[in-house]
Amino acid sequence: LFARHTSHSSLPCIATQVQGYTIYGSPWQPGCRETETDWAFNLARGAESEARWKTIPAAVDVLMTHGPPLGCGDFVSPAYRYVGDENLRNAIEQRAVSAHVCGHIHEGYGHAVRGGTLFINAATFDSRRQPFNPPVVFDCPPPSVLREAAARALRLRQQRSDSALDHWGFHR
């Protein structure tokens, strides 16, 4: 596929520059159910997940992961629970990340701004695996403007005595 389509590339846990923007991508995610442990790129929750997300650079313009962080586009309706990765949420909280784009949780389609980071769940299929949601397009401001805003948001989070995000992804 990549030999025939040289305009496409994958981001296997690396940072790259695209038109001046720093983009970091990772296919890893925690499994939602015990039966999903043999799927490709699944992580065990806890130490394995935490170690994986430590590889995210300290400042990223666009972070792309397969699955969402806990509390941001991760609600699954059949089980009525949040299935995002708590360690991914913590990693984002500790870094200057301007935008986080994911999919995987079909019911979580949409966007929100939390702690100065734009979270986008761009899942196009519904829970029955049928195309349902329109594609997501977002325009980034110039890299310098984006980075200044992300750095300012990170400083504000670090100044708070309780910088942890609550269950909904908002600061306590």
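The rules behind these values
Chains are numbered independently. Their residues run from 1 in the order of the written sequence. Totals for whole chains, interfaces and linings use all residues, but because this is a predicted model, local features are given only for residues with pLDDT of at least 70 and pairs of side-chain atoms are given and counted only at 80 or more. The side-chain values count all of the structure's non-hydrogen atoms but skip hydrogen atoms and water molecules. Secondary structure elements follow DSSP: runs of H or I no shorter than four residues count as helices, runs of E no shorter than two count as strands, and numbering proceeds from the N terminus. Exposure is judged per residue with a 1.4 Å probe applied to protein chains only, and the accessible area is read against the type maximum: over 50% gives exposed, under 20% gives buried, and values in between give partly exposed. Any two residues having at least one pair of non-hydrogen atoms within 4.5 Å are treated as being in contact. Areas reported here follow the Shrake-Rupley algorithm with a probe of radius 1.4 Å; residue values treat only the protein chains shown as occluding. In a helix, the anticipated span is given by 1.5 Å times the number of residues less one. Working note: the arc is built from the helix axis to C-beta atom directions. At least two DSSP bridges between two strands are needed for those strands to be called paired. The axes are straight lines fitted to the C-alpha atoms, using for helices just the contacting stretch, and the angles between their N-to-C directions are given from 0 to 180°. Joining through side-chain atoms within 4.5 Å is the link that ties buried Ala, Val, Leu, Ile, Met, Phe, Trp, Tyr and Cys residues into a set, and such a set is a nonpolar core. Summary of the metric used: pLDDT quantifies the predictor's per-residue confidence within the range 0 to 100.

Asks: Before we move on, could you go through the overall build of the chain and cite the residues and values that matter?
Replies: Each helix and strand in the chain was counted, giving three helices and ten strands. Scanning the chain from its N terminus toward the C terminus, one meets helices and strands in the order β-β-β-β-α-β-β-β-α-β-β-β-α. In the chain, which comprises 172 residues, the share counted as buried stands at 41%. For the chain, long-range pairs separated by at least 24 residues make up 53% of all intrachain contacts whose partners lie at least 6 apart in sequence. When the accessible surface of the chain is summed, it comes to about 10000 Å², and 57% of that surface belongs to carbon and sulfur atoms.

Asks: A description of helix α3 (residues 143–159) should follow, citing residues and the corresponding values.
Replies: Along an α-helix, residues three or four positions apart point the same way, because every turn accommodates 3.6 residues. Between the first and last C-alpha of α3 there are 24 Å, a value that for 17 residues agrees with the 24 Å anticipated at 1.5 Å per step. Pro143, Leu146, Ala150, Ala153, Leu154 and Arg157 are the residues of α3 that are buried. The buried residues of α3 occupy an angular sector of 105° when the element is viewed end-on, so they sit on one face. In α3, the exposed positions that point more than 90 degrees away from the buried face belong to Ser144, Leu156 and Gln159. Against β2 (21–26), β5 (59–65), α2 (86–93), β8 (96–102) and β10 (117–121) lie the buried residues of α3.

Asks: Summarise the pairing of β10; cite the residues concerned and give the values.
Replies: A regular strand places its side chains so that they alternate between the two faces of the sheet. Burial within β10 is extensive, with four of its five residues counted as buried. As judged from the four bridges shared by β8 and β10, these two strands associate in the parallel manner. Within β10, the position partnered with Ala99 by the bridge is Leu118. In this sheet, β10 lies alongside strand β9 (residues 110–114) in antiparallel orientation, the contact comprising five bridges. Among the inter-strand pairings, Val113 is bridged to a residue of β10, identified as Leu118. The antiparallel hairpin formed by β9 and β10 contains two residues in its connecting segment, where Gly115 sits at a positive phi of about 60°.

Asks: Before we move on, can you summarise the sheet that holds β9 with the specific residues and values?
Replies: Note: strands within a sheet are paired through backbone hydrogen bonds, in either parallel or antiparallel orientation. With respect to topology, six strands assemble into an open sheet ordered β1-β2-β5-β8-β10-β9, the strand pairing being mixed. Of all strands in the sheet, those with a lone pairing partner are β1 (14–18) and β9, marking the two edges. With direction set aside, neighbouring strand axes in the sheet form an average angle of 20°. Pairing between β2 and β5: four bridges, direction parallel.

Asks: I'd like a rundown of the environment of Pro141, residues and numbers included.
Replies: Within the element layout of this structure, Pro141 appears in the loop between β10 and α3. In this structure, Pro141 is in contact with Tyr21 and Leu146, ignoring residues within four places of it in sequence.

Asks: Break down the nonpolar core for me, citing the residues and quoting the values.
Replies: Residues Tyr24, Trp53, Ile56, Val60, Leu63, Leu88 and Ile92 are the most contacted members of the largest nonpolar core, which totals 14 residues. Within the residue set of this core, elements represented by two or more residues are β5 and α2. Take this core: its biggest share by element is three residues, from α2. Leave out the neighbours within four places in its chain, and Leu88 touches Trp53, Ile56, Leu63, Thr65, Gly67, Pro68, Pro69 and His100. Tyr21, Ile23, Ile120 and Leu146 belong to the second-largest nonpolar core, a separate cluster that totals six residues.

Asks: Talk me through the confidence of the model for the chain; I want residue IDs and the actual numbers.
Replies: Reading predicted coordinates in detail is not appropriate for stretches of low pLDDT. Counting all residues, the mean pLDDT for the chain is 82, and 81% of those residues have values of 70 or more. Contacts of residues 1–5 to residues separated by more than four positions or lying in other chains number three contacts, the stretch itself having pLDDT below 50. Low pLDDT (under 50) marks residues 167–172, which in the prediction has 25 contacts with non-local residues, meaning those over four places away or in another chain.

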